[in-house]
Amino acid sequence: TRCDFRISRILWNPSWTPPPSEWARDKKPEPPGSPGNPMGRVKMFIRAPDYYIHGTGLTSSLGRARSHGCIRMRNIDAVDLARLVMLHAGEDRGEEWYLEAIDQADRTREVNLRRPVPVKVRA
């Protein structure tokens with residue numbers, strides 16, 4: 001199975017709001033940088049408003065159904081992918097910007113891509 005998407009928006013250090021799903025019934029919102037935030041360090045929208053490629057600090061969850069359809073990656077890999085997507089979208093930032101975004105985990109940075117980047121997901 002193959003699905004085609006386009007990434008046009010990236011959030012660095014996103015907050016998390018529990019979705020209106022049974023599995024998230026007892027969860028509370030988590031701010032950017034919180035250890036309990038399942039979004040990790042970066043969130044790339046593949047189908048707004050609910051489907052993303054995002055990082056996670058809970059690497060034991062990788063490869064298992066854990067959410068309502070997002071694609072999870074190790075934080076370091078999600079950060080590398082987001083940088084690559086921004087580069088190919090013509091939205092590259094200097095090294096200092098990326099270092100500051102990673103260092104300031106409690107501050108969300110939004111990047112809207114003028115040239116969306118196509119992504120093919122194979123299952």
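Look a little higher up for the structure.
The structure presented is a predicted model; accordingly, all values stated were derived computationally and were not measured.

1. Considerations on helix α1 (residues 75-88)
Here α1 contains 14 residues, and its C-alpha end-to-end distance of 20 Å stays within 8% of the 20 Å for a straight helix at 1.5 Å per residue. Three or more residues of α1 are buried, namely N75, A78, V79, A82, V85 and M86. Projected down its long axis, α1 shows its buried positions confined to an angular sector of 125°, all on one face. The outward face of α1, more than 90 degrees from its buried face, is lined by the exposed residues I76 and H88. For α1, the elements touching its buried residues are β1 (2-12), β2 (42-47), β3 (51-56), β4 (71-74), α2 (95-103) and β5 (109-122). Two residues or fewer past α1, G90 is found with a positive phi of approximately 75°.

2. Some details on the pattern of salt bridges
For the coordinates displayed, the defined rule picks out 10 salt bridges. Across the pair E100 and R107 runs a salt bridge, and its minimum N-O distance is 3.9 Å. One salt-bridge network, in which partners are shared between bridges, spans E22, R25 and D26.

3. Here we look at the side chain of E30
Tracing the chain through its elements places E30 in the loop between β1 and β2. For E30, a relative accessible area of 12% gives the class buried. Side-chain polar atoms of E30 contact the side chain of S34, separated by 2.6 Å. With residues up to four places along the chain from it excluded, the contact list for E30 reads S15, W16, G36 and N37.

Definitions and limits used
- Residues numbered from 1 in each chain as written.
- Predicted model: local features only at pLDDT ≥ 70, side-chain atom pairs only at ≥ 80, totals over all residues.
- Heavy atoms only, no water.
- Helix = DSSP H or I, 4+ residues; strand = E, 2+ residues; numbered from the N terminus.
- Expected span 1.5 Å × (residues − 1).
- Buried < 20%, exposed > 50% of the residue type's maximum accessible area, 1.4 Å probe, protein only.
- Arc of directions from axis to C-beta.
- Contact = heavy atoms within 4.5 Å.
- Salt bridge = Lys/Arg side-chain N within 4 Å of Asp/Glu carboxyl O.
- Polar contact = N/O pair within 3.5 Å; in protein donor to acceptor, adjacent residues only side chain to side chain.

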